[in-house]
Amino acid sequence: MTAGQDLAPTSSEPPKASEAPEAPETAEASESGEASETSETSEAPETPEEAASPSPSGPAPSGPAAAGGAGRRRVTRVKVMGAVAAMLVAALAATAVLQWVAASRADQARESLAAERALRLEVSGAASAFSTSLLSYDYRDLQTTRATLSAQATGDFLATYDSAFGGAMAQVIVKLKAVAQATVREVYLADVDEATAHAIVVVDQQVNTSEAIRSVKDSHLKIALVKEKGVWKVRDVTVLGAASDDQYALDGKNNDSKNDGEKKD
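Values in this document were obtained by computation on a predicted structure and should not be read as measured data.

Colleague: Is there a simple way to think about the overall build of the chain in this case?
Modeller: Tallying secondary structure elements over the chain gives seven helices and eight strands in all. Classification of the 265 residues of the chain by burial places 18% in the buried group. For the chain, restricting intrachain contacts to residue pairs at least 6 apart in sequence, the fraction spanning at least 24 positions comes to 54%. Summed over all atoms, the accessible surface of the chain reaches about 19100 Å², with 57% contributed by carbon and sulfur.

Put into structure tokens, the structure is as follows:
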């Protein structure tokens, strides 16, 4: 090499060929930097709180927690069904009790009405039988009438009857050959209980004699009854009057008519 060549000045600008190789290094550095950041991000450990708390948008819990929730819901449904069943049973029981009480009261009412009806029938029958016996007689057998009344009455009634129909009255009945037949039309009861009762008896009577026929309509008898040894008997009787009292002579000559106690020509 000559001295002139060694001392030749060099250019101050860098050669262009030396700039081209630097670009790959920059790209490689960028790629390596992004890769390192990605690895650091993916490798960063989670905190205990982050690991324990489930993601709101993540999947539903599974395992023991899910089984426990389903079990609690099943127990709740069973309790609700049990409460409903208990309410139904209680309602049915209450309905059954109310029906039983209503049926029991209805039975008691029917029994009470039946007992009252039977009692009134006994009193009505006794009053009717007595009225029939009192106003029915046959001159051929007056003692039978007295014996019948004796069985149906009590107290001093027989003494009153003997004073009214015995003695002179009995002789008139025999003389006229009187035969009387009574028919009870109505019996009205009042103040009926287990021991005493009062009745109004409406009776029609027809008396046939050897001389005339007498027809008495709607005679009203006021009767007081008492119960002795299970049998209703008459203690007192009062004749209140009749709606009409007509008499027809058999020979057609005499014809008397009485209405409301008054005699008409």
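Colleague: In this structure, what is going on with the nonpolar core? I would like to understand it.
Modeller: When a protein is soluble and globular, its nonpolar side chains tend to lie buried together. In this structure, F130, L134, F157, I223, L225 and W232 are the most contacted members of the largest nonpolar core, which totals 21 residues. Breaking this core down by element, the ones donating at least two residues are α4 (64-135), α6 (157-165), β3 (196-208), β4 (212-228) and β5 (231-241). With seven residues, the single largest contributor to this core is α4. Residues within four places of I223 in sequence aside, it is in contact with A127, F130, S131, A197, H198, A199, V201, V234, D236 and V237. Formed by five residues, the second largest nonpolar core is a distinct cluster that contains I173, A178, A180 and V207.

Colleague: Is there a simple way to think about the packing of aromatic side chains in this case?
Modeller: Aromatic ring pairs: the centre-centre distance and the angle between the two ring planes describe each pair. Under the definition given, this model contains three aromatic pairs. Between Y161 and F165, the aromatic rings sit 4.9 Å apart at their centres with planes inclined by 25 degrees, giving stacked as the arrangement. Here the residue Y161 and the residue F165 both occupy positions in helix α6, the gap between them amounting to four residues, near one helical turn. Assessed through its relative accessible area of 11%, Y161 is described here as buried. Among the aromatic residues, those joined into a cluster by ring pairs are F130, F157, Y161 and F165.

Colleague: I keep staring at the layout of surface pockets and nothing clicks. Help me out?
Modeller: Estimated volume of the largest pocket: approximately 850 Å³. As for the largest pocket, its lining consists of 38 residues, and the residues nearest its centre are L135, Y137, F165, Q205 and R214. Counting residues per element, the ones that place at least two in the lining of the largest pocket are α4, α6, α7 (168-176), β3, β4, β5 and β6 (244-249). Here the residues of the lining of the largest pocket sort into 21 nonpolar, nine polar and eight charged. The calculated volume of the second largest pocket comes to roughly 160 Å³. In this structure, the second largest pocket is lined by Y137, L142, Q143, R146, Y161, D162, F165, G166, A170 and I173. Mapped by element, the contributors of at least two residues to the lining of the second largest pocket are α5 (142-152), α6 and α7. Here the lining of the second largest pocket is built from residues that sort into six nonpolar, two polar and two charged.

Colleague: In this structure, what is going on with unusual backbone geometry? I would like to understand it.
Modeller: Glycine aside, residues mostly have negative phi, and peptide bonds are mostly found in the trans state. One non-glycine residue, K177, lies in the positive phi region at around 55 degrees. Structurally, K177 is set in the loop between α7 and β2 (179-190). One non-glycine residue, D218, lies in positive phi territory at about 55 degrees. With respect to the helices, strands and loops of the structure, D218 is situated in strand β4.

Colleague: Please explain the packing of α5 against α6 as it appears in this structure.
Modeller: For any two helices packed against each other, one specifies the crossing angle of their axes together with the interaxial distance. Remark: α5 packs on α6, axes separated minimally by 10 Å, with the N-to-C direction vectors making an angle of 155 degrees. Here α6 runs roughly antiparallel to α5, going by the angle between their axes. Handedness of the α5/α6 crossing: right-handed. Taken together, the residues of α6 that come into contact with α5 (itself represented by T145, R146, L149 and S150) are F157, L158, Y161 and D162. Taken together, the residues that form the contact of α5 with α6 break down as four nonpolar, two polar and two charged.

Colleague: What exactly am I supposed to notice about a nonpolar patch on the surface here?
Modeller: Together, V80, V84 and L88 make up a nonpolar patch on the protein surface, roughly 270 Å² of accessible area in all. Within the element layout of this structure, V80 appears in helix α4.

Colleague: Quick question: what am I supposed to make of the environment of V202 here?
Modeller: Along the chain, the position of V202 falls in strand β3. For the pair V202 and S131, spaced 71 residues apart in sequence, the C-alpha separation works out to 8.8 Å. Contact partners of V202, with chain neighbours within four places excluded, come to T183, V184, R185, E186, Y188, D218, S219 and H220.

Colleague: Explain the pairing of β2 here, please?
Modeller: It is a general feature of regular strands that their side chains alternate between the two faces of the sheet. Looking at chain direction, strand β1 (residues 137-138) and β2 are connected through two bridges and run antiparallel. If you follow D138 over to β2, its bridge partner there is V179. Strand direction decides the pairing type here: β2 and β3, joined by 11 bridges, are antiparallel. In the sheet register, T183 faces β3, and the bridge partner there is D204.

Calculation notes
Residues numbered from 1 in each chain as written. Predicted model: local features only at pLDDT ≥ 70, side-chain atom pairs only at ≥ 80, totals over all residues. Heavy atoms only, no water. Helix = DSSP H or I, 4+ residues; strand = E, 2+ residues; numbered from the N terminus. Buried < 20%, exposed > 50% of the residue type's maximum accessible area, 1.4 Å probe, protein only. Contact = heavy atoms within 4.5 Å. Areas by Shrake-Rupley, 256 points an atom, 1.4 Å probe, with all protein chains shown as cover. Core = buried A, V, L, I, M, F, W, Y, C linked by side-chain atoms within 4.5 Å. Phe/Tyr/Trp six-rings, centres within 6.5 Å; stacked < 30°, edge-to-face > 60°. 1 Å grid on protein atoms, 1.4 Å probe; cavity = no way out; pocket = protein on both sides within 12 Å on 5 of 7 lines; lining within 4 Å. Points joined across faces, edges and corners; volume = space filled by probe spheres on them. Nonpolar A, V, L, I, M, F, W, Y, C, P; charged D, E, K, R; others polar. Axes fitted to C-alpha atoms, helices over the stretch in contact; angles between N-to-C directions. Parallel < 35°, antiparallel > 145°, perpendicular 65-115°, else oblique. Left-handed = near helix turned anticlockwise from the far one by under 90°. Patch = residues over 30% accessible without salt bridge, like charges linked within 9 Å, V, L, I, M, F, W, Y side chains within 5 Å. Salt bridge = Lys/Arg side-chain N within 4 Å of Asp/Glu carboxyl O. Pairing = 2+ DSSP bridges.

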